[in-house]
Amino acid sequence: GIPRGVTVITGGGYSGKSTLLDAIELGIYNHIPGDGREYVITDADALKVYAEDGRPVHNLDMTPFFKMLPGSTGVECFSTGHASGSVSQAANIIEAVCGGCKLLLIDEDKSATNFMIRDKNMRAVVKKDPIIPFTDRVRELYEVYGVSSILVIGGSSEYLAYADKVVLME
């Protein structure tokens, strides 16, 4: 099984990472004998979150992930009719946690990279970024709020530093 905490599932292209995450996502539903999901059981409070460029956001406190947002009067009660990828993914995570989600399922391929992580080189170049990357909050989400994360990652080893467990798909 996959323990609570921060888990990174990694591997090369076409190794089954996203397929495994899809199976974990579907593991929240009741199984039908013979449906192929007998060995995939997931807590019912799991949710897959991703970037949804263009989604509306209404009256949401974005302070966990943003210091400021251009064109807004503040991030404490933020609204937009057309969110960017990073804003939409942050909103999805905030709404999930506020709704009682205890397991975030995140696939790098469906995420806003600038929201998910900022490596040391980019932090050195971009000094005043308004985005607080997910990786800056992933440990707090687990230790303070009891929200675990399973991250499917294939493109950056930076995520490994945040993991309690790493699963290599071959």
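Everything in this summary refers to the structure shown in the same document.

## Topic: the environment of I106
Thought 1: With respect to the helices and strands, I106 occurs in strand β5 (residues 103-107).
Thought 2: Under the relative-accessibility criterion, I106 is labelled buried at 1%.
Thought 3: Placed 23 residues apart in sequence, I106 and A83 show a C-alpha to C-alpha distance of 19 Å.
Thought 4: Those residues in contact with I106 that lie beyond four places of it in its chain are L21, V49, Q89, I93, S111, M116, F134, I150, L151 and V152.

## Things to note about the environment of S88
Thought 1: Within the element layout of this structure, S88 appears in helix α2 (residues 85-98).
Thought 2: Using a relative accessible area of 0% as the deciding quantity, one classes S88 as buried.
Thought 3: C-alpha of S88 to C-alpha of Y50: the two residues are 38 residues apart in sequence and 7.9 Å apart in space.

## So, the side chain of S149
Thought 1: Turning to its location among the elements, S149 is positioned in strand β6 (residues 148-153).
Thought 2: Once residues within four sequence positions are removed from consideration, S149 is found in contact with G5, V6, T7, L103, L104, F134 and V138.

Criteria and cut-off values
- Residues numbered from 1 in each chain as written.
- Predicted model: local features only at pLDDT ≥ 70, side-chain atom pairs only at ≥ 80, totals over all residues.
- Heavy atoms only, no water.
- Helix = DSSP H or I, 4+ residues; strand = E, 2+ residues; numbered from the N terminus.
- Buried < 20%, exposed > 50% of the residue type's maximum accessible area, 1.4 Å probe, protein only.
- Contact = heavy atoms within 4.5 Å.

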